[in-house]
Amino acid sequence: MPKACSAINCPNRDTRENRARGLSFHSFPKAHELRKRWMLAVKRIEPGSRRLWIPGAGACLCSQHFTQDEFELYGGQKRLKAGVIPSVFSFKVLVNEIMAIPGTGPPS
């Protein structure tokens with residue numbers, strides 16, 4: 001079974017077809033502080049406990065959650081530059097759409 005992107009509402013799976021389309025998949029960092037920053041960026045909550053989601057050993061994010069300037073080519077393969085934090089998520093668009101609805105903006 002192919003790996004799935006761990007981002008909320010992301011349908012991407014690590015398949016041959018997606019790789020051919022240029023998608024790449026990146027495991028969560030092992031370094032504690034950087035891993036925590038990725039976890040906070042993903043904004044996933046454990047449903048039962050309402051605590052921050054803790055990624056398992058196979059957790060990964062697809063390349064759509066990073067900007068193009070956060071990648072480098074190394075030995076012919078696309079890899080993330082050191083220390084980058086994922087920043088491209090669909091929930092940001094949804095928050096902006098909700099904030100655009102009258103009466104849902106920040107209190108004045």
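Look up a bit, the structure's there.
The model shown is predicted, which means the values in this text are computed figures rather than measured ones.

1. A closer look at the overall build of the protein
Inference 1: Looking only at helices and strands, the protein features three helices and four strands.
Inference 2: When the elements of the protein are put in sequence order from the N terminus, they spell out α-β-α-β-β-β-α.
Inference 3: Taken over 108 residues, the protein has a buried fraction of 31%.
Inference 4: Restricting the contact set of the protein to residue pairs at least 6 apart, pairs at least 24 apart contribute 50%.
Inference 5: Accessible area of the protein: about 7,600 Å², with a carbon and sulfur share of 56%.

2. Re the side chain of Ser24
Inference 1: With respect to the helices and strands, the residue Ser24 is situated in the loop between α1 (16-20) and β1 (25-27).
Inference 2: What makes Ser24 buried here is its relative accessible area of 6%.
Inference 3: In terms of polar contacts, Ser24 uses its side chain to reach the side chain of His26, at 2.7 Å.
Inference 4: Beyond its immediate stretch of four places on either side in the chain, Ser24 contacts Arg19, Leu61, Cys62, Ser63, Phe71 and Lys78.

3. Let's talk about the layout of surface pockets
Inference 1: Considered as a void within the structure, the largest pocket measures approximately 290 Å³ in volume.
Inference 2: If you go around the largest pocket, the residues you meet are Arg19, Ser24, Phe25, His26, Glu72, Gln77, Lys78, Arg79, Leu80, Lys81 and Ala82.
Inference 3: Elements represented by at least two residues in the lining of the largest pocket include exactly β1 and β4 (77-80).
Inference 4: The dominant element in the lining of the largest pocket, judged by the number of residues it contributes, is β4, at four residues.

How each quantity is defined
Residues take numbers from 1 onward in each chain, read along the sequence in its written order. Totals for whole chains, interfaces and linings use every residue, but because this is a predicted model, local features are given only for residues with pLDDT of at least 70 and side-chain atom pairs only at 80 or more, for both listing and counting. For side-chain calculations, the full set of non-hydrogen atoms in the structure is used, while hydrogens and water are omitted. Only DSSP runs of H or I reaching four residues or more are called helices, and only runs of E reaching two or more are called strands; each is numbered from the N terminus. Each residue is placed in one exposure class: buried if its accessible area under a 1.4 Å probe, protein chains only, is under 20% of its type's maximum, exposed if it is over 50%, and partly exposed if it falls in between. Note on contacts: a residue pair is in contact if any heavy atoms of the two residues lie within 4.5 Å. Surface exposure here means Shrake-Rupley accessible area, sampled with a 1.4 Å probe, where a residue is shielded only by the protein chains that are shown. N or O atoms within 3.5 Å of each other form a polar contact, as long as, within protein, one can give a hydrogen and the other can take it, and as long as residues adjacent in sequence are counted only when both atoms are side-chain atoms. Think of a 1 Å grid over just the protein atoms. A cavity is a set of points where a 1.4 Å probe fits yet cannot get out, a pocket is an open set with protein on both sides within 12 Å along at least five of seven lines, and lining residues have an atom within 4 Å of a point. Grid points are joined across faces, edges and corners, and a volume is the space filled by probe spheres set on the points.

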